[in-house]
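A closer look at the structure
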Amino acid sequence: MFFVEVVLPLSLAKTFTYRISESEFHFIKKGMRVAVPFGKNKIYTGLVIDIHQNEPGLYEAKEIHQILDEKPIATEVQIKHWLWVANYYMCGIGDVYRGAFPSGLLLESETIISHKTDVSVNQNELSDDEFLVYEALQHQSSLKVQDIISILNKKNIFPVLQKMIAKDVIVLEEEIKESYKPKLVRYVRLHSKYESNNGLSELLEVLKNAAKQKEIVMTYFQITASEKTRDENGQSAPKPVTVKKLVEASNSTSAVVKALIDKEIFEEYLLQQDRVSFSGQATDKQLILSEAQDAAFSAIKNSFLEKEVCLLHGVTSSGKTEIYIKLIEEYLVTGRQVLYLLPEIALTTQLVTRLRLHFGDKVAVFHSKYSNNERVEVWKQTLERAEKAQIVIGARSALFLPFSDLGLLIVDEEHEQTFKQTDPAPRYHARDAAIVLANFHNAKVLLGSATPSIETYFNTQADKYGLVTITERYNNVRMPEIVLVDLKDKHFRKRMTGHFSDLLIEEIAEAVALGEQVILFQNRRGYSPVIECITCGHVPHCQQCDVSLTFHKHKNQLRCHYCGYSIAKPTHCHKCSSIDLTTKGFGTEQIEQELASLFPNVKTGRMDQDTTRGKFGFEKIIDSFKNREIDILVGTQMLAKGLDFDNVSLVGIMNADNMLHHPDFRAFERSFQMMTQVAGRAGRAEKQGKVVIQTYNPNHNTIQQVTMNNYIGMYKEQLYDRQIYKYPPYFRIIKLTLKHREFEKLKEGSMWLYQVLSQNLNVPVLGPEEPAISRIRNEYIRTILIKIPNNLPLGATKKTIQKMLNSFEAVAQYRAIKVVANVDFY
Ligand code: ADP
Ligand code: ZN
Ligand code: ZN
C-alpha cells in the first residue's frame, strides 16, 4: 500500500495520511498539491510533504481525489523551513502553509468563485467543462466550489478552476475585497496622429504660436531620441516618458503638459509603478561608493568569510542602500537568488525605483496586498529561478516563497517591530526566520539599521554576528543638532501655546520663512492610558517589571500588564506631590489644529493611520511633501521608517515622554530608535538639520542618549535592565493569550493554566493578567507570560508548555477557551 503525508491549509498541527495508487506513488513528488477529501464533505488543496508506505494506525486513510501538479510547486528547503517555523513559533504546519501560499493556489470546497465582469471571454477557448462553469456564472454571480462539483458532476474540478483562473475568466471571492492598488505613474506619448516621420515638423507648425508648449514637445523628442530601450521584438524603441520627467527636463509645468493632452498632441497613460516591467536598460553608470561606504563594503565581505550574519550599523543617511546594491551586484554574478526584506509595504515603491536603475528587470516585488494573480506570478518566477525574480523585494511574507538557491538575504531596518507577525499564526519574526532560512540555503544575511535592536547588537557582541559600523553620513552631510525643551519649565513660565513651546514656534517660523520644510512627530502609542503628573512629568512604574503602570478606569487602579501588580489610582504625584495628574495623551489631529491657528498661511499635512487609509493615501502625502506642496508634515511613527527627504531642515518631537512611558519593556529601546530615526530625516547637503525634542524629562537617560547620538550607551543601559528584570536577550518570552466570552470561566480557566504551568515549569511564569484593553469583540482576555532563561533548552520547555496546553484542552469546561501562543512576542 502507498501513502502520502499531506498538509492541509487549516490551523492543525498534524499532517494527514492519504492513500495513493502505485502509479501515483511513482509519479508524486514532495511539494506537489493534491485535492483531498476532509471531514464529511469538504475538499481542500493539500500539500504533499512525504511519500511512504506506512499505514496510519489510528484511522483509515482516505484516497486522494487528484494530483494537481505535474511538478512540485514548493521546494524541499521551503517545507523544511515551514516545519521549523511551525515548531519554533508553536503553531500548526497548516497555519504556515495557509499563510505562505497565495490563495489562488489553495482552492478548497468552501472557496467562492465569481466571474470576472470586466473581461471579454472568447468562448471558443473554453473546454466543455470550463464552458459549463462559465455559463453557470452568467446566471449566478458567484458559486461555491461545492456547487460546481454538482454542476460538472465530478469530484475533480480543481484543475478546471485552476485553468479558468489562469485564463482570467474567474476570480476567487476573496480577491474582490482587496482594495490595495499600487501607485500609478503618469506617462505621455505622442498622439498617434503625429507618429509618422514628418510628425515633428507638422507639430512645430501647429505650435508655432505656443512657445511653452513647443518647448515641451522639443524636450520630448530630445528625451526619446537619447534614451532608447528594446521592445518585445528586440527592436530599438523610445523609452517611456513620465509627465514628471518631461516637466522637469523642460523646466515647465504640468499645466502646459495638460494643455498638450487636451489638444491631442500627447496621449496620457498610466502604469502601476512597482508592476511596470522595467523597459529601460539599467544605467551603465557605476555606483561609486564613498571611502566610508567602501570600507564598510569590504568589511562586510570579510565578515561573511567567517560568519553567516553581519550587522551593518550605519547612521541615518550613511547610504546603506548603496552598499546593499553593491553587494547584490556581486551575488547576481554567481546566479544565486537575493531576497530583500522591508518592514513596510509603503516603502517598496521608493526602493523598487532605486533598484531597477541598477538591476533593470531582475527585480520582482512580492507582498500580501498584491492580487492573487500577481502573487502567483512571482511565486512561479521564484520557483523557476526566472531571471525576472532573481532579486525579490518584499515585506515579511516574501520569506515563504519557493526559493531554490538563495545566496543573500538583506533585512533592512532590522529593528522594526513590523517584522514580527502578531495575528494570525504563524506569529513569526521575519528577521529571525530569515536567518534560519539562510542557514538552510547556505546563504549570507545582512541586517541593516541605524538603530539596531538590542537582540541583534547583543549577538554581534557575543561574536555570533559580524559587525560593521559607519559613523558618518554620505556626502559630508552633518548629523542634526538636537535641542531639548524642558516642558516643565516652559509650563511654569507660561511659554507654551497649546502643545508648542516658544522655541519650537520660533524654529518653525524661521524654517518656513527660508522655504525649508518641517516634520512634527507625535506618537500614537501615547494614547495608552497611563497617569502622568502635569507638573513634573512623573509616571508610576511597576517595581518588579520596570514597565509603566496602566490606568484601569473601571477599577480606578494602576496595574502592571506583565505581573498584575496593582495600586489604587494615586491622588497626588509620588515624586513632587502635585495633585495635577492627567491620563490623556494627545494626537496628531490636535497638533494639526493648533498649527493651523499658529501658522494660518502655512500648508500642513498629516500622516497617520487615519489619513493614509485610502488607496494611495500614504504615497499621496509623501509625494506632496516631496514636491513641496506641504510645508509642515505632522505624523506618527510612519515617519520614522526610512523615508528620504531632501529639504527638511527641522524636526520637532512634540512629546518624547509618551513613548518613554509606554507599558512595555522595550519602551526605552523603541523611544531611542524612533527619535533617532525621525531626527535622521533632518539635514541637507548644504545645511545642518535641527531637531527640537520637547520633554518633561530632559535628563532622562534615553533622551540624553538620543541627544548625544549614543547608541552604545543606550545599548549598555538597556542590557543591564534586561538582565535584572529577566527580558530578552537573556530570557525568551512566550506570551499566552486566553479568550472567552464568559468572564468567570476565563478567569477560572486562566488560573488553572497558570498554576499547571508554574508547577511544571522551572522558570518564571507571570499572570494571569488582564491587559489594558481587556475585552475585544465581546471576548474577555487574559495573558500569561513565561520567561525562559537562555541557558535552558528552549525546545524542551516548549514541549512541556505544549503538553500543558493539550491537557488544558482536555478539560471539558475549558475547551471553549481559545489559547494563542506568541513566542518571542514583541
Ligand atoms: P540610509 O539608508 O543609510 O539612511 P540612504 O541609502 O537612503 O541612507 O542614502 C542617503 C542618500 O544619499 C540617498 O539620497 C542616496 O541616494 C545618497 N547616496 C548614498 N550613497 C551614495 C553614493 N555612493 N552615490 C550617490 N548617492 C549616494
Ligand atoms: Zn509630579
Ligand atoms: Zn509587574
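Here the structure is a predicted model, which means the values were calculated and not measured. (Residues numbered from 1 in each chain as written. Chains lettered and ligands numbered in written order. Predicted model: local features only at pLDDT ≥ 70, side-chain atom pairs only at ≥ 80, totals over all residues. Heavy atoms only, no water.)

Description of the overall build of the protein
Keep this limit in mind: Going along the chain from the N terminus, every DSSP run of H or I of four or more residues is numbered as a helix, and every run of E of two or more is numbered as a strand. We compute the radius of gyration over the C-alpha atoms and compare it with the globule rule, which gives 2.2 Å times the number of residues raised to the power 0.38. Between buried and exposed lies partly exposed: a residue is buried under 20% and exposed over 50% of the maximum accessible area for its type, with that area taken using a 1.4 Å probe on protein chains only. In what follows, residue pairs with any heavy atoms lying within 4.5 Å of each other are defined as contacts. Here Asp and Glu are counted as negative and Lys and Arg as positive; His is not counted, and neither are the chain ends. Each charge is placed at NZ for Lys, CZ for Arg, CG for Asp and CD for Glu.
Helix and strand counts for the protein stand at 27 helices and 39 strands. In summary, the protein has a C-alpha radius of gyration of 30 Å against a globular reference of 28 Å for 826 residues, a match within 12%. Across its three principal axes, the protein shows a C-alpha extent of roughly 90 × 85 × 55 Å. Each of the 826 residues in the protein was classed as buried or not, and the buried ones make up 55%. The contacts in the protein between residues at least 6 apart in sequence include a share of 75% that link residues at least 24 apart. Averaging the positions of the 101 positive and the 98 negative side-chain charges in the protein gives two centres separated by 4 Å.

Observations concerning the pairing of strand S38 (residues 779-789)
The line we're drawing: Pairing between two strands requires that DSSP report at least two bridges joining them.
With respect to burial, S38 is a largely interior element, 10 of its 11 residues being buried. Bridge count between strand S35 (residues 731-740) and S38: 10 bridges; the pairing is antiparallel. Bridge pairing links Ile734 to Ile786 in S38. As paired strands, strand S36 (residues 765-769) and S38 are joined by three bridges and run antiparallel to one another. Paired with Val765 across the two strands is Ile786, which belongs to S38.

Overview of the pattern of salt bridges
Definition in use: One side-chain nitrogen of Lys or Arg within 4 Å of one carboxyl oxygen of Asp or Glu is enough to make a salt bridge.
Counted under the stated rule, the structure contains 30 salt bridges. Among the ionic pairs, Lys154 bridges to Asp129, the shortest N-O distance being 2.6 Å. Separated by 25 residues along the polypeptide, Lys154 in the loop between helix H5 (145-152) and helix H6 (158-166) and Asp129 in helix H4 (residues 128-139) bring together distant segments of the chain. Between Arg606 and Glu592 there is a salt bridge; the shortest N-O distance is 2.9 Å. Taken as a pair, Arg606 in strand S31 (residues 604-607) and Glu592 in helix H20 (residues 588-598) lie far apart in primary sequence, 14 residues in all. The exposure class assigned to Arg606 is buried, which follows from its relative accessible area of 15%.

Section: the site of ligand 1
Rule in force here: By convention in these notes, a residue is near a molecule or strand provided one of its non-hydrogen atoms lies within 4 Å of it. The term polar contact refers here to a pair of N or O atoms within 3.5 Å; inside protein, the definition further demands a hydrogen-donor-capable atom paired with an acceptor-capable atom, and it admits residues adjacent in sequence only when both atoms are side-chain atoms. In the scheme used here, Gly and all other residues not listed as nonpolar or charged are polar, with Ala, Val, Leu, Ile, Met, Phe, Trp, Tyr, Cys and Pro taken as nonpolar and Asp, Glu, Lys and Arg as charged.
Taken together, 14 residues are adjacent to ligand 1, and Ile288, Gln293, Ser317, Thr321 and Asp644 come closest. Residue Ile288 places a main-chain N or O atom 2.8 Å away from a nitrogen atom belonging to ligand 1. A distance of 3.2 Å separates an oxygen atom of ligand 1 from a polar atom in the backbone of Ser318. When grouped by side-chain class, the residues that make up the shell around ligand 1 number four nonpolar, six polar and four charged.

Overview of the UniProt feature "binding site: Zn(2+) 1" (unreviewed entry) in the protein
Worth spelling out the cut-off: UniProt positions are given in the numbering used here, feature names are shortened, and annotations may be inferred rather than shown by experiment.
Within the UniProt annotation, "binding site: Zn(2+) 1" (unreviewed entry) is assigned to Cys533, Cys536, Cys573 and Cys576. These annotated residues cover 44 residues of sequence, and their C-alpha atoms all fall within 8.6 Å of one another, placing them together at a single site. Take Cys536: it is sitting in the loop between strand S26 (532-533) and strand S27 (550-552). A residue is classified by how much of its surface remains accessible, and Cys536, at 9% relative accessible area, is buried. If we ignore the near neighbours within four places in the chain, the residues touching Cys536 are Lys488, Cys573, Lys575, Cys576, Tyr696 and Asn697. Tracing the backbone through its elements, the reader meets Cys576 in the loop between strand S29 (566-568) and strand S30 (581-582). Aside from chain neighbours lying at most four places away, what touches Cys576 is Cys533, Thr535 and Cys536.

Some details on the UniProt feature "domain: Helicase ATP-binding" (unreviewed entry) in the protein
Per the UniProt record, the feature "domain: Helicase ATP-binding" (unreviewed entry) sits at residues 301-470. Taken end to end, residues 301-470 comprises 38% helix and 22% strand; its first and last C-alpha atoms sit 15 Å apart.

Observations concerning the nonpolar core
Note the following rule: For the purposes of this section, nonpolar cores are sets of buried Ala, Val, Leu, Ile, Met, Phe, Trp, Tyr and Cys residues that join through side-chain atoms within 4.5 Å.
If you look at the biggest cluster of nonpolar residues, it comprises 149 residues, and the most contacted ones within it are Trp82, Phe101, Leu757 and Ile786. For this core, the element with the highest residue contribution is helix H13 (residues 320-333), accounting for seven residues.

Notes on unusual backbone geometry
Cis geometry is found at the peptide bond from Ala425 to Pro426, where omega equals 0°. Here Pro426 shows up in the loop between strand S19 (406-412) and helix H16 (430-441). Along the chain, Pro728 connects to Pro729 via a cis peptide bond; the corresponding omega equals 5°. By secondary structure assignment, the location of Pro729 is in the loop between helix H25 (711-724) and S35. Non-glycine residue Arg385 carries a positive phi angle of around 55°. In this structure, Arg385 sits in the loop between helix H15 (372-383) and strand S18 (391-394). Taking the relative accessible area as the measure of exposure, Arg385 reaches 40% and is therefore partly exposed. A positive phi angle, close to 70°, is found at Ser577, a residue other than glycine. Exposure remark for Ser577: the relative accessible area of 52% places this residue in the exposed category.

Some thoughts on the packing of helix H17 (residues 454-461) against H25
Here is the rule we go by: An axis is simply a line fitted to the C-alpha atoms; with a helix, the fit covers only the stretch in contact. Between two such axes, the angle follows the N-to-C directions and lies from 0 to 180 degrees. For classification purposes, angles smaller than 35 degrees are called roughly parallel, those larger than 145 roughly antiparallel, those between 65 and 115 roughly perpendicular, and all remaining angles oblique.
Viewed as axis vectors pointing N to C, H17 and H25 meet at an angle of 95°, and their least axial separation amounts to 11 Å. One element, H17, and the other, H25, form an angle in the roughly perpendicular class. Contacts from Ile454, Glu455, Tyr457, Phe458 and Gln461 of H17 reach H25 at Tyr711, Ile712, Met714, Tyr715, Gln718, Leu719 and Arg722.

Considerations on the side chain of His740
By the secondary structure assignment, His740 is in strand S35. A relative accessible area of 9% places His740 in the buried class. There is a polar contact of 2.9 Å between the side chain of His740 and the backbone nitrogen of Glu742. With sequence-adjacent residues up to four places away left out, His740 is seen in contact with Lys745, Leu746, Glu779, Tyr780, Ala816 and Ile817.

What to know about the packing of aromatic side chains
Inclusion rule: In this analysis, rings of Phe, Tyr and Trp, with Trp reduced to its six-membered ring, are considered paired at centre separations within 6.5 Å, and the interplanar angle assigns stacked below 30 degrees, edge-to-face beyond 60, and tilted for intermediate values.
Taken as a whole, this structure holds 26 aromatic pairs when the rule is applied. The interplanar angle of 65° and the centroid separation of 6.2 Å between the aromatic rings of Phe38 and Tyr44 together place this pair among those described as edge-to-face. By relative accessible area, which is 23% here, Phe38 ends up partly exposed. For the ring pair Tyr220 and Phe221, a centre distance of 6.0 Å and an interplane angle of 90° mean the geometry is edge-to-face. Here the aromatic cluster, defined as three or more aromatic residues joined through ring pairs, consists of Trp82, Tyr97, Phe101 and Trp379.

With respect to the environment of Ala568
Along the polypeptide, Ala568 turns up in strand S29. Note on Ala568: relative accessible area 58%, which makes it exposed. In this structure, the C-alpha to C-alpha distance between Ala568 and Arg666, residues 98 residues apart in sequence, is 25 Å. When near neighbours in sequence (up to four residues on either side) are disregarded, Ala568 contacts Asn556 and Gln557.

Some details on the packing of helix H2 (residues 76-88) against H16
Put simply, the rule reads: By the definition used in this description, the sense in which the near helix is turned from the far one sets the handedness, with an anticlockwise turn below a right angle giving left-handed and a clockwise turn giving right-handed.
Two elements in contact, H2 and H16, have axes separated by 10 Å at closest approach and are oriented at 145°. Here H2 runs over H16; the crossing is right-handed. For the pair formed by H2 and H16, the contact residues are Val77, Lys80, His81 and Trp84 on the first element and Ala433, Val436, Leu437, Phe440 and His441 on the second. By residue class, the composition of the contact of H2 with H16 is six nonpolar, two polar and one charged.

Things to note about the sheet that holds strand S25 (residues 517-521)
Strand order in the open sheet formed by six strands is S22-S34-S33-S25-S32-S31, and the pairing between neighbours is parallel. In the strand order of this sheet, the two ends are held by strand S22 (481-486) and S31, each with one partner. The sheet shows a mean angle of 20° between the axes of neighbouring strands, taken without regard to direction. Where S22 lies against strand S34 (residues 690-695), six bridges are found, and the strand directions are parallel.

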